[in-house]
Amino acid sequence: MRPYIFVNLAMSADGKISTRERRQVKISGADDFKRVDEIKAGADAIMVGIGTVLGDDPSLTVKSPDLKAARRARGEDEHPLRVVVDSMARTPLDADILCKGEGRRIVAVSAAAQAGRVEALREKAEVVVVGEQNTDLTLLMHELAARGVGRLMVEGGGTLIWGLFRAGLVDELITYVGSIVIGGAGAPTPADGEGFAREDEFPRLELAGVERVDDGVLLRWVVKKEVHSAL
Ligand SMILES: NC(=O)C1=CN([C@@H]2O[C@H](COP(=O)(O)OP(=O)(O)OC[C@H]3O[C@@H](n4cnc5c(N)ncnc54)[C@H](O)[C@@H]3O)[C@@H](O)[C@H]2O)C=CC1
Ligand SMILES: Nc1nc(O)c(N)c(N[C@@H]2O[C@H](COP(=O)(O)O)[C@@H](O)[C@H]2O)n1
């Protein structure tokens, strides 16, 4: 058992999600940020990697008062369960994701994380130990399902998204392509990590939606489940 996992990200017209210094960039326009808030409010949990926490310090809270009220009316916390994938327990104790807004948090660490750091994090969040050196994403998904997470939204960054694709854990990819060029061979992209080497490893996608939003394009892809052989 695992949640339905959808990735939502914004990239520049040249396929970058932040600058070469991993500095956060506003790629989405007002309408797209509104859309993101809506799908966040409809999720049971929202997840980022530790690189995003250290780089952007996101709160991952629902922003619209109406959407927060609707969640409360459904008997839910104002904000979805917030999850950080953080093998070595590096999440700062004053990170916005731990401190801003009510609701539950999970920090997913590995057995290699320092015990002192794990204990300190337990004051602020539930800590789940999955994996030896790296957080085991498949085990983590089972833990989330066991806690009632049916729909999981993943915001990034590129290393975590790559890890999820490699583990066959992405059901849907929603990409907003904005009208800027960031450039930089080393700037993060939607799926970084080591990358797939062979064509038969590539996840295959079915285009499920194309829409103009702000001055960009919103693309919705559904990940095909069948295994493909090399062309
Ligand atoms: N434009 C957009 O929509 C978004 C952009 N970003 C950007 O992405 C950048 C951060 O991305 P990254 O540095 O790649 O960090 P990341 O947020 O993808 O976190 C990666 C880290 O997760 C940890 N991890 C633990 N287990 C893992 C596993 N099994 N698989 C993969 N990762 C695992 C590792 O410590 C790894 O370094 C920032 O510059 C941020 O601004 C982040 C989110 C959305
Ligand atoms: N959808 C989207 N569009 C952009 O232009 C972005 N820069 C991002 N970044 C993601 O949003 C997070 C910020 O969340 P909070 O506002 O702090 O709740 C950031 O960390 C990225 O994950 N996303």
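As the structure is a computational prediction, the values presented were derived from the model and not from experiment. (Residues numbered from 1 in each chain as written. Chains lettered and ligands numbered in written order. Predicted model: local features only at pLDDT ≥ 70, side-chain atom pairs only at ≥ 80, totals over all residues. Heavy atoms only, no water.)

(A) Structural view of the sheet that holds strand β8 (residues 205–213). Reading across from one edge, β5-β4-β3-β2-β6-β1-β7-β9-β8 is the order of the nine strands in this open sheet, with mixed pairing throughout. Unpaired on one side and paired on the other, β5 (126–129) and β8 mark the two borders of the sheet. Neighbour-to-neighbour, the strand axes of the sheet open up by a mean angle of 20°, direction not taken into account. In this sheet, strand β7 (residues 172–177) lies alongside strand β1 (residues 4–11) in parallel orientation, the contact comprising six bridges. Each residue of the ladder has a partner; that of Met11, found in β7, is Val177. Sheet contacts for helix α6 (residues 137–146): β1, β2 (45–49), β3 (81–85), β4 (105–109), β5 and β6 (151–156); angle to β3, the most-contacted strand, approximately 165°. (Pairing = 2+ DSSP bridges. Helix = DSSP H or I, 4+ residues; strand = E, 2+ residues; numbered from the N terminus. Axes fitted to C-alpha atoms, helices over the stretch in contact; angles between N-to-C directions. Contact = heavy atoms within 4.5 Å.)

(B) Representation of the site of ligand 2 within the structure. By nearness alone, 18 residues border ligand 2, and Val25, Ile27, Ser28, Leu60 and Lys63 come closest of all. At 2.7 Å from an oxygen atom of ligand 2 is found a side-chain nitrogen or oxygen belonging to Lys63. Broken down by element, the shell around ligand 2 gets its largest block of residues, three residues, from helix α1 (residues 30–41). Of the residues assigned to the shell around ligand 2, the class counts are seven nonpolar, six polar and five charged. (Near = heavy atom within 4 Å. Polar contact = N/O pair within 3.5 Å; in protein donor to acceptor, adjacent residues only side chain to side chain. Nonpolar A, V, L, I, M, F, W, Y, C, P; charged D, E, K, R; others polar.)

(C) Region of interest: the UniProt feature "domain: Bacterial bifunctional deaminase-reductase C-terminal" (unreviewed entry) in the protein chain. In this structure's numbering, the residues bearing the UniProt feature "domain: Bacterial bifunctional deaminase-reductase C-terminal" (unreviewed entry) are residues 3–219. Counted over residues 3–219, helix gives 27% and strand 24%. Its end C-alpha atoms are 22 Å apart. (UniProt positions renumbered as here; feature names shortened; annotations may be inferred.)

(D) Representation of the site of ligand 1 within the structure. If you check the shell around ligand 1, you find 25 residues, and the closest are Ala10, Ser18, Thr52, Glu155 and Thr159. Contact distances for ligand 1 include 3.1 Å between a nitrogen atom and a backbone N or O atom of Ile17. Separating an oxygen atom of ligand 1 from a side-chain N or O atom of Thr52 is a distance of 2.7 Å. Protein contacts shield 87% of the accessible area of ligand 1, which totals 870 Å² for the unbound molecule. When grouped by side-chain class, the residues that make up the shell around ligand 1 number eight nonpolar, 13 polar and four charged. (Areas by Shrake-Rupley, 256 points an atom, 1.4 Å probe, with all protein chains shown as cover.)

(E) Spotlight on the side chain of Asp96. Along the polypeptide, Asp96 turns up in helix α4 (residues 96–99). Residue Asp96 is classed as buried on the basis of its relative accessible area, which comes to 18%. (Buried < 20%, exposed > 50% of the residue type's maximum accessible area, 1.4 Å probe, protein only.)

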